Amino acid sequence: TLHFTVELASTPGERERGLMYRRGMQPDHGMLFDFEREQMVAFWMKNTPLPLDMLFIDDAGTVVQVSPDAVPYSEMPIPSAQPVRAVLELNAGTARRLGIAPGAKVEHPIFTAAPATP
């Protein structure tokens, strides 16, 4: 079992800002973006100097897509291939180094809570 200390980005403002302007992050840290219900999402690296891995996670907490090594400051969209509940951003290279791939399970209270009602 792998353990990460994550900041939760659950409001529109927190999700919009994300890891922008951050120059460093501990190796075992990350940011978890909670969209409250499964939906198509797209990320970009605008104003983000840290290279990142993005793990796209479904409502059951299963990693369905890994987008590794996002390029700092890039405004190229990084879309989900299917609707997802959340995205976990980690330092670039973490997924490869630790063998995190589609099918991996993520445990966090957002994946066991009742889904938000529209």
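Thresholds applied
- Residues numbered from 1 in each chain as written.
- Predicted model: local features only at pLDDT ≥ 70, side-chain atom pairs only at ≥ 80, totals over all residues.
- Heavy atoms only, no water.
- Helix = DSSP H or I, 4+ residues; strand = E, 2+ residues; numbered from the N terminus.
- Contact = heavy atoms within 4.5 Å.
- Phe/Tyr/Trp six-rings, centres within 6.5 Å; stacked < 30°, edge-to-face > 60°.
- Buried < 20%, exposed > 50% of the residue type's maximum accessible area, 1.4 Å probe, protein only.
- Pairing = 2+ DSSP bridges.
- Right-handed = clockwise from strand over helix to strand, strands pointing away.
- Polar contact = N/O pair within 3.5 Å; in protein donor to acceptor, adjacent residues only side chain to side chain.
- Axes fitted to C-alpha atoms, helices over the stretch in contact; angles between N-to-C directions.

(A) Geometry of the environment of P49. With respect to the helices and strands, the residue P49 is situated in the loop between β3 (42-43) and β4 (52-57). If we skip the residues at most four places from it in the chain, P49 touches Y21, R22, R23, P72 and Y73.

(B) Layout of the packing of aromatic side chains. Enumeration over the complete set of coordinates arrives at 3 aromatic pairs. Ring geometry for F33 against F43: centres 4.9 Å apart, planes inclined by 90°, an arrangement best described as edge-to-face. Pair noted here: F33 is in strand β2 (residues 29-39) and F43 is in strand β3, with a separation of 10 residues, a long-range link. Summarising the burial analysis for this pair, F33 and F43 share the class buried. An aromatic cluster is defined as three or more aromatic residues linked by ring pairs; in this entry it consists of F33, F35, F43 and F56.

(C) A look at the pairing of strand β1 (residues 5-9). Alignment of β1 against β2, held across 5 bridges, turns out to be parallel. Residue pairing in the sheet places L8 in a bridge with L32 of β2. You can see the chain leave β1, run along helix α1 (residues 12-17) and come back into β2, and the turn it takes is right-handed.

(D) How the structure looks around the pairing of β2. Here β2 pairs with strand β7 (residues 84-91) via 6 bridges, running antiparallel. Among the inter-strand pairings, Q39 is bridged to a residue of β7, identified as V84.

(E) Structural view of the side chain of R85. Mapped onto the elements of the fold, R85 is located in strand β7. Residue classification places R85 among the buried positions, given a relative accessible area of 5%. Reaching out from R85, the side chain makes a polar contact with the backbone oxygen of I110 at a distance of 3.3 Å. Here R85 is in contact with F33, D34, F35, E36, R37, E38, I57, D58, D59, I110 and F111, once residues within four sequence places are set aside.

(F) Representation of the side chain of T94 within the structure. Structurally, T94 is set in helix α2 (residues 94-98). Setting aside its immediate chain neighbours within four residues, T94 contacts F4 and D53.

(G) Expanded view of the sheet that holds β4. If you trace the 5 strands from one edge of the open sheet to the other, you get β1-β2-β7-β4-β5, paired in mixed fashion. Unpaired on one side and paired on the other, β1 and β5 (63-70) mark the two borders of the sheet. Here the average twist between neighbouring strands, direction ignored, is 20°. Pairing geometry for β4 and β7, over 6 bridges, is antiparallel. Pairing of L52 across the sheet is with N91, part of β7.

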